[in-house]
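Results of the structural survey
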Amino acid sequence: MFLKVIACEIAVREICFVAAQAEHVVDLEFLPQGHHDNPTAGRDFIQERVNAVPEGKYDAILLGYGLCGNIIAGLKATHTPLVIPRAHDCITFFLGSHERYQHQQDTQPGAYFYTAGWLECIRRRGDKTPVENAMFLPTRTGLSQSAESAFEEWVKRYGEDQAKYLMEVMGQWTASYSHGVLIEFEFTKLLPLREQVQAICAKRGWQFANIEGDLGLLQQWLNGEWDPKRFLVVHTGGEVIPCHDETVITVKPGA
């Protein structure tokens, strides 16, 4: 098959690693991380990229997004089938299955997960804020800045009272976590990721942990092994909608 991948840059290293070993011919396109900050605008942008794929060129478009705040809800397969992993967010991609992700959450609640792409997104946007000083990672809305610079920006945008409220909300957000967990692969262990996550944990008073990633889900995706339990295939004219069970996403009835 000839496959087109449209994916979030958060998984650029992992998808490229798997694509280099894929059984099929693959074209890759990575979109800037953070579109789920504004799901409606993000969905529209992803739909534009799907629509821009030349009709008839590829056997399928592989969409590298989880449900991610409903960012893919409403996406349509305009002329080429879409193949989407059944995942609430991208952490499932890196752990290899929804079941393993759920097990990790059950056994280690309060864990905030980091990957190579998660840590590198700040640099891709030219932000030189040390990762341990970033409020949380990553985002396209300015929250990757230090607390001081983010507060100043919010004052300019929203006024001092609203800026104080946002800082309070961010503080509540970080208080819900107790661990920083780095998902590692053999090909990322040469990078200074562990030191970066350890610095983040030290700054926030979190415990550090690291676990081995699993590329099985991504490998099946790129190899065309689309088990309906793990992937949704949206045929031409179909529209993605969320569902509130283990299937995560489905096709809109009648589409």
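Look up: the structure comes first, before these words.
Residues numbered from 1 in each chain as written. Predicted model: local features only at pLDDT ≥ 70, side-chain atom pairs only at ≥ 80, totals over all residues. Heavy atoms only, no water.

So, the pairing of strand E6 (residues 179-184)
We count it as follows: Each residue is placed in one exposure class: buried if its accessible area under a 1.4 Å probe, protein chains only, is under 20% of its type's maximum, exposed if it is over 50%, and partly exposed if it falls in between. Every helix listed is a DSSP run of H or I at least four residues long, and every strand listed is a run of E at least two residues long, numbered separately from the N terminus. A pair of strands is labelled paired if DSSP reports no fewer than 2 bridges between them.
The element E6 is extensively covered by neighbouring structure, given that 6 of its 6 residues are classed as buried. Here E6 shows a buried face lined by His179, Val181 and Ile183 and a second buried face lined by Gly180, Leu182 and Glu184. Relative to E6, strand E5 (residues 111-114) runs parallel, the two sharing 4 bridges. Of the residues in E6, the one forming a bridge with Ala111 is His179.

Let's talk about the sheet that holds strand E8 (residues 231-234)
Let me state the cut-off plainly: An axis is simply a line fitted to the C-alpha atoms; with a helix, the fit covers only the stretch in contact. Between two such axes, the angle follows the N-to-C directions and lies from 0 to 180 degrees. Whether two residues are in contact is decided by their heavy atoms: any pair within 4.5 Å suffices.
Ordered by their spatial adjacency, 5 strands build an open sheet running E2-E1-E3-E4-E8, and the pairing between neighbours is mixed. Single-partner strands in this sheet number two, and they are strand E2 (25-31) and E8. Here the strands of the sheet are splayed against their neighbours by 20° on average, with no regard to which way each runs. Two elements, strand E1 (residues 2-8) and strand E3 (residues 60-64), share 5 bridges in a ladder whose sense is parallel. By the bridge assignment for E3, Val5 is matched with Leu62. Helix H2 (residues 39-52) contacts E1, E2, E3 and strand E4 (82-85) of the sheet and is inclined by roughly 150° relative to E2.

Description of the pattern of salt bridges
Stated formally: Salt bridges are counted wherever a side-chain nitrogen of Lys or Arg sits within 4 Å of a carboxyl oxygen of Asp or Glu.
In the structure shown here, the tally under the stated rule is 7 salt bridges. For Arg194, the salt bridge identified is with Glu184, shortest N-O distance 2.8 Å. Of this pair, Arg194 sits in helix H8 (residues 193-204) while Glu184 sits in strand E6, placing them 10 residues apart in sequence. Accessibility expressed as a relative area gives 5% for Glu184, which makes it buried. One salt bridge connects Glu186 with Lys189, and the closest N-O pair in it is separated by 3.0 Å. The exposed category is assigned to Glu186, whose relative accessible area is 59%.

A word on the packing of aromatic side chains
Heads up, the rule is: A pair of Phe, Tyr and Trp rings is counted when the ring centres sit within 6.5 Å of each other, with Trp represented by its six-membered ring. The angle between the planes then sorts it: under 30 degrees is stacked, over 60 is edge-to-face, the rest tilted.
Within this structure, the stated rule accounts for 9 aromatic pairs. Taking the centre distance of 4.5 Å and the plane angle of 50° together, the rings of Phe2 and Tyr58 count as tilted. Here Phe2, found in strand E1, pairs with Tyr58, found in the loop between H2 and E3; they are 56 residues apart in sequence, far enough to count as distant. A relative accessible area of 23% places Phe2 in the partly exposed class. In this structure Tyr58 comes out as buried when scored by relative accessible area, which is 9%. Each member of the aromatic cluster is reached from another via a ring pair, and the members are Tyr112, Tyr114, Trp118, Tyr177 and Trp206.

Quick notes on helix H1 (residues 12-19)
One turn of an α-helix holds 3.6 residues; hence residues three or four places apart share an orientation. Residues of H1 that are buried include every one of Val12, Glu14, Ile15, Val18 and Ala19, and no others. On the buried face of H1, the contacting elements are E1, E2, helix H3 (91-95), helix H5 (116-124) and helix H9 (216-222).

Considerations on the sheet that holds E5
The 3 strands are arranged E5-E6-E7 in an open sheet whose pairing can be described as parallel. The outermost strands of the open sheet, each flanked by one partner alone, are E5 and strand E7 (207-212). Neighbour to neighbour, the strand axes of the sheet diverge by 30° on average, direction disregarded. Across 6 bridges, the pairing between E6 and E7 is parallel. Its bridge partner lying in E7, Glu184 is registered against Glu212.

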